[in-house]
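# Results of the structural survey
Single-letter residue listing:
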Amino acid sequence: MRRALRPKSPIVQELVRIATERAFRHNRKRCVVAGTKLIRDLGRRYPFYDLLYSKDHEDLCRGIRAENKYLAEPQSLRRIAQVREFDGLVGTLDLPESREDLADIRLLLCLDYIEDPGLLGTLLRTAVAFQWQAVYLLPNTADPFDPLCIRASQGALFEIPHRRGSMATLQKL
């Protein structure tokens, strides 16, 4: 029988850093995705790097492509997911590429001073629902790859072209 990953294991420690530290997340070019439904939805289109599950959810991993699959203690899953109550799947995906060319976009949502990752995620999900063509994130906006933002957006940045930049760069588009 496989032993479950404990909260102090090196893999869990690294995933917690990806979830909580923006610079580390962008350096690794990966983000943490938490939630069974979201992982199953994104798993239809993208392969996961890591996929963690509790012993009660091993059957939910079937059909999800992942380079590494790990059994983890519920406390480890909660630490990585950054929530108090959680019992589902947690995974890591490569960050979607930023889109440099937004010149032919007619419906561009520009966001600035959105500091709450949950609110940013809601705005991104709404942009996808209303069929905006791209999102431009100005410097004072929260990190769209914060786990709370990804959860609130239901993975919207994997669906819509995006770019982060300055107001001067935006005006040149």
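One can find the structure itself at the top, above this paragraph.
Owing to the predicted nature of the structure, the values given are computational and were not obtained by experimental measurement.

### As for the nonpolar core
Counting residues in each nonpolar core, the largest one holds 30 residues, and the members touching the most others are Cys31, Val33, Leu111, Leu120, Leu124 and Val135. Of all the secondary structure elements, the ones that give two or more residues to this core are β1 (30-34), α3 (36-43), β2 (48-53), β5 (108-111), α5 (117-129), β6 (134-137) and α6 (147-153). Each residue touching leucine 124, except ones within four places of it in the same chain, is listed here: Leu111, Val135, Pro144, Cys149, Ser153, Ala156 and Leu157.

### Side note on the layout of surface pockets
When its volume is computed, the largest pocket comes out at roughly 260 Å³. Around the largest pocket sit 14 residues that line it, and His26, Leu95, Pro96, Ser98 and Phe145 are the ones nearest its centre. Ranked by residues supplied to the lining of the largest pocket, first place goes to strand β7 (residues 162-164) with three residues. Here the lining of the largest pocket is built from residues that sort into five nonpolar, three polar and six charged.

### Comments concerning the sheet that holds β6
Spatially, three strands are ordered β5-β6-β7 in an open sheet, and the strand pairing comes out parallel. Edge positions in the sheet fall to β5 and β7, since each of these pairs with one other strand and no more. Taken over all neighbouring pairs, the strand axes of this sheet differ in orientation by 15° on average, direction set aside. In this sheet, β7 lies alongside β6 in parallel orientation, the contact comprising three bridges. Across the sheet, residue tyrosine 136 finds its bridge partner in β7, namely arginine 163. Contacts from α5 reach β5 and β6, with the element oriented near 170° to β5.

### Brief notes about the pattern of salt bridges
In the structure shown here, the tally under the stated rule is eight salt bridges. Of the charged contacts in the structure, one is a salt bridge between glutamate 159 and arginine 45, with a shortest N-O distance of 2.7 Å. Linking glutamate 159 in the loop between α6 and β7 with arginine 45 in the loop between α3 and β2, this pair joins segments that are 114 residues apart in sequence. Taking the relative accessible area as the measure of exposure, glutamate 159 reaches 43% and is therefore partly exposed. When salt bridges with common partners are traced through the structure, they connect Lys37, Asp41 and Arg44 into a single cluster.

### Points about a nonpolar patch on the surface
A surface patch of nonpolar side chains, amounting to about 320 Å² of accessible area, comprises Leu107, Phe130 and Trp132. Along the polypeptide, phenylalanine 130 turns up in the loop between α5 and β6. By relative accessible area, phenylalanine 130 is classed as exposed at 61%.

### What to know about unusual backbone geometry
Despite not being glycine, glutamine 82 shows a phi value in the positive range, around 65°. Given a relative accessible area of 41%, glutamine 82 falls into the partly exposed group. Phi is positive for glutamine 154, which is not a glycine, with a value near 55°. Relative to the assigned elements, glutamine 154 resides in the loop between α6 and β7.

Calculation notes
Residues numbered from 1 in each chain as written. Predicted model: local features only at pLDDT ≥ 70, side-chain atom pairs only at ≥ 80, totals over all residues. Heavy atoms only, no water. Core = buried A, V, L, I, M, F, W, Y, C linked by side-chain atoms within 4.5 Å. Buried < 20%, exposed > 50% of the residue type's maximum accessible area, 1.4 Å probe, protein only. Helix = DSSP H or I, 4+ residues; strand = E, 2+ residues; numbered from the N terminus. Contact = heavy atoms within 4.5 Å. 1 Å grid on protein atoms, 1.4 Å probe; cavity = no way out; pocket = protein on both sides within 12 Å on 5 of 7 lines; lining within 4 Å. Points joined across faces, edges and corners; volume = space filled by probe spheres on them. Nonpolar A, V, L, I, M, F, W, Y, C, P; charged D, E, K, R; others polar. Pairing = 2+ DSSP bridges. Axes fitted to C-alpha atoms, helices over the stretch in contact; angles between N-to-C directions. Salt bridge = Lys/Arg side-chain N within 4 Å of Asp/Glu carboxyl O. Patch = residues over 30% accessible without salt bridge, like charges linked within 9 Å, V, L, I, M, F, W, Y side chains within 5 Å. Areas by Shrake-Rupley, 256 points an atom, 1.4 Å probe, with all protein chains shown as cover.

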